[in-house]
Amino acid sequence: MDVEIVQLMEQAGQYLAPAVSAYGAAVLTRAETAAADGTANVGRRILQAVWRRHDEHGRAELEAAVRDVDEAPDDEDAAAALRQQIKRALREDAELLAELARLLPVRGETVNVTASGERSIAAKSINNAVTGDNVTIGGDGRADA
């Protein structure tokens, strides 16, 4: 099982910092928002899954680790401490390991996206897309024709 945990953490690690960056210390309790990209939302779901399975003491430790990453996003030691807490939780809970594995995209997943027609856009995920003639972006971030 340790090999599975190491592999999962190698993949999951890339989602944790964007989640903390997007949501801050509230990542453990905050709902998904459209403003955060898909990477941040996957990280948020990972952290919340670990949070839900902890007791009060474990939650306090996880919250402190998240706060450290939030306060010092470039501190590799803080990020490593957060990953270590998640690894510990995975070693203690096989169901959590399976749950987190389901949250992560399949490695080597091939995505085919097709667009056809004038001004078509093809993307796996996209935040904003504006097509057309004479389009301007207003102060509210919306497209005005």
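Note that the structure is predicted; figures quoted are calculated from it, not measured.

Undergrad: Explain helix 3 (residues 56–71) to me, please; I cannot follow it from the model alone.
TA: A turn of α-helix holds 3.6 residues, and therefore any two residues three or four places apart point the same way. Compared with an ideal rise of 1.5 Å per residue, which puts 16 residues at 22 Å, helix 3 spans 22 Å between its outermost C-alpha atoms and is within 8% of the ideal. If you check which residues of helix 3 are buried, you get Gly58, Leu62, Ala65, Val66 and Val69. Buried residues along helix 3 cover an arc of 100 degrees about the axis, so they all sit on one side. Among the exposed residues of helix 3, those oriented more than 90 degrees off its buried face are Glu56, His57 and Glu71. In this structure Asp55 caps helix 3, since a side-chain oxygen of it lies 3.2 Å from the backbone nitrogen of His57.

Undergrad: Is there a simple way to explain the packing of helix 2 (residues 38–53) against helix 3 in this structure?
TA: When two helices pack together, their arrangement is captured by the angle between the axes and the distance separating the axes. It is the contact of helix 2 with helix 3, at a shortest axis distance of 9 Å, that shows an interaxial angle of 155 degrees. Judged by the inter-axis angle, helix 2 sits roughly antiparallel to helix 3. On helix 3, the residues that touch Leu47, Val50, Trp51 and Arg52 of helix 2 are Arg59, Leu62, Glu63 and Val66. Within the contact of helix 2 with helix 3, the residues separate by chemical class into five nonpolar, no polar and three charged.

Undergrad: When you look at the nonpolar core in this model, what are you seeing that I'm missing?
TA: Nonpolar side chains in soluble globular proteins tend to be buried together. Residues Leu47, Leu82, Ile86, Leu90 and Leu100 are the most contacted members of the largest nonpolar core, which totals 31 residues. Mapped onto this core, the elements with two or more residues apiece are helix 1 (2–23), helix 2, helix 3, helix 4 (76–92) and helix 5 (94–103). Take this core: its biggest share by element is nine residues, from helix 1.

Undergrad: Please clarify how the environment of Ala78 should be interpreted in this entry.
TA: Topologically, Ala78 is positioned in helix 4. According to the relative accessible area criterion, Ala78 is buried, its value standing at 9%. Distance in space between the C-alpha atoms of Ala78 and Val66 is 8.3 Å, their sequence separation being twelve residues. Setting aside its immediate chain neighbours within four residues, Ala78 contacts Asp68 and Val69.

Undergrad: Any chance you could explain the environment of Asn41 here in plain terms?
TA: Along the chain, Asn41 turns up in helix 2. Look at Asn41 and you get buried, because its relative accessible area is 4%.

Undergrad: Would you mind showing me how to read the side chain of Arg44 here?
TA: You can see Arg44 is positioned in helix 2. Within the structure, Arg44 has its side chain in polar contact with the side chain of Gln48 (distance 2.8 Å).

Undergrad: Help me out: how do you make sense of the pattern of salt bridges in this one?
TA: Where charged atoms of side chains with opposite charge meet at close range, the side chains can pair. Applying the stated criterion across every chain, the model contains six salt bridges. A salt bridge links Arg53 to Asp93, with the nearest nitrogen and oxygen atoms 3.1 Å apart. A residue pair is termed long-range when its members are at least 10 positions apart, and Arg53 in helix 2 and Asp93 in the loop between helix 4 and helix 5 qualify at 40 residues. Note on Arg53: relative accessible area 36%, which makes it partly exposed. Notably, a salt bridge pairs Arg67 with Glu63, separated by 3.6 Å at the nearest N-O pair.

What counts, and at which threshold
Residues numbered from 1 in each chain as written. Predicted model: local features only at pLDDT ≥ 70, side-chain atom pairs only at ≥ 80, totals over all residues. Heavy atoms only, no water. Helix = DSSP H or I, 4+ residues; strand = E, 2+ residues; numbered from the N terminus. Expected span 1.5 Å × (residues − 1). Buried < 20%, exposed > 50% of the residue type's maximum accessible area, 1.4 Å probe, protein only. Arc of directions from axis to C-beta. Polar contact = N/O pair within 3.5 Å; in protein donor to acceptor, adjacent residues only side chain to side chain. Axes fitted to C-alpha atoms, helices over the stretch in contact; angles between N-to-C directions. Parallel < 35°, antiparallel > 145°, perpendicular 65-115°, else oblique. Contact = heavy atoms within 4.5 Å. Nonpolar A, V, L, I, M, F, W, Y, C, P; charged D, E, K, R; others polar. Core = buried A, V, L, I, M, F, W, Y, C linked by side-chain atoms within 4.5 Å. Salt bridge = Lys/Arg side-chain N within 4 Å of Asp/Glu carboxyl O.

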